[in-house]
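Descriptive structure summary
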Amino acid sequence: MESQLNSELPERLNVNDRRTVYVWSEELLCLCDRIRKVPKRASVVHSLIEAYHLLPFLRIVEPLPVDVADLIVFHSQDYTECVKTLSTSDDPDKLNEQAENYGLTYDCPGEGVYQYAAAICGASLAGAQCLNENLCDVAINWTGGWHHAKRYLMVIN
């Protein structure tokens, strides 16, 4: 049976307007799917967006590449170094106490956490840039904004 969703959408959701940005890429999806406490969560969310035929109403924007200099605009140098060290450590369990101080244990990806954090930060920055340049009214980064984005772990200049 064919879905009637598209014929029932209000006129204000015109496909030609596309004033909503969805920050997404296959690489971002793969990185986020590796989180061991919520495996494949990003794919499930994206599959729902596809199943409800929402993609035609969204403008897809890829995450921006970021480096340490970009990350320390929002997070302290210590936090950023901890994330990078955890990501490259042969034995992340040795660093468990330091990771615990930053809330980087329970549901964090562990290995590759720096790449994951940089990708999510790049996605949020891409959405913010679109908003700032008035390219959209709404920017969505379904992979960002987890509980690790705590203000007290950030440095605001």
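What you see is a predicted model; the values in this text were computed from it and never measured. (Residues numbered from 1 in each chain as written. Predicted model: local features only at pLDDT ≥ 70, side-chain atom pairs only at ≥ 80, totals over all residues. Heavy atoms only, no water.)

Residues V44, L48, Y52 and L54 make up a contiguous nonpolar surface patch of roughly 390 Å² in combined accessible area. If you trace the backbone, L54 turns up in the loop between α3 (41–51) and β2 (59–61). (Patch = residues over 30% accessible without salt bridge, like charges linked within 9 Å, V, L, I, M, F, W, Y side chains within 5 Å. Areas by Shrake-Rupley, 256 points an atom, 1.4 Å probe, with all protein chains shown as cover. Salt bridge = Lys/Arg side-chain N within 4 Å of Asp/Glu carboxyl O. Helix = DSSP H or I, 4+ residues; strand = E, 2+ residues; numbered from the N terminus.)

Attention shifts here to the pairing of strand β1 (residues 20–23). Successive residues of a regular strand alternate their side chains across the two faces of the sheet. Pairing geometry for β1 and strand β3 (residues 138–140), over three bridges, is parallel. By the bridge assignment for β3, Y22 is matched with I140. Of the pairings in the sheet, the one linking β1 to β2 comprises three bridges and is parallel in character. Along β2, the bridge assignment pairs V23 with V61. (Pairing = 2+ DSSP bridges.)

Below, the discussion takes up the nonpolar core. Counting 20 residues, the largest nonpolar core has V21, L28 and C32 as its most contacted members. In terms of residue count, the dominant contributor to this core is helix α7 (residues 113–132) (six residues). If near-sequence neighbours (up to four positions away) are discounted, V21 is found in contact with R59, V61, C130, C136, V138, A139 and I140. Of all hydrophobic cores here, the second largest spans 13 residues; its members include C82, L86, L104 and C121. (Core = buried A, V, L, I, M, F, W, Y, C linked by side-chain atoms within 4.5 Å. Buried < 20%, exposed > 50% of the residue type's maximum accessible area, 1.4 Å probe, protein only. Contact = heavy atoms within 4.5 Å.)

Any two packed helices are characterised by the angle at which their axes cross and by the distance between the axes. α7 packs onto helix α2 (residues 26–33) with a crossing angle of 135° between their chain directions and a minimal axis gap of 10 Å. Taken together, α2 and α7 sit at an angle that is classed as oblique. Here α2 runs over α7; the crossing is left-handed. Each of L28, L31 and C32 in α2 lies in contact with α7, whose residues at this interface are Q115, Y116, A119, I120 and A123. A class-by-class count of the residues in the contact of α2 with α7 yields seven nonpolar, one polar and no charged. (Axes fitted to C-alpha atoms, helices over the stretch in contact; angles between N-to-C directions. Parallel < 35°, antiparallel > 145°, perpendicular 65-115°, else oblique. Left-handed = near helix turned anticlockwise from the far one by under 90°. Nonpolar A, V, L, I, M, F, W, Y, C, P; charged D, E, K, R; others polar.)

Bringing the pattern of salt bridges into the picture now. Per the counting criterion, the structure on display carries one salt bridge. As a salt-bridge pair, R19 and D137 come within 3.1 Å of each other at their nearest N and O atoms. On the criterion of sequence distance, the pair formed by R19 in the loop between α1 (5–8) and β1 and D137 in the loop between α7 and β3 is long-range, its members being 118 residues apart.

Right, let's talk about the confidence of the model for the protein chain for a bit. Chain-level statistics for the protein chain give a pLDDT mean of 78 and a share of 73% at 70 or above. Note on residues 1–13: pLDDT is under 50 here. Beyond four places in sequence and across chains, it has eight contacts. Contacts of residues 151–157 to residues separated by more than four positions or lying in other chains number 13 contacts, the stretch itself having pLDDT below 50. (pLDDT = per-residue confidence, 0-100.)

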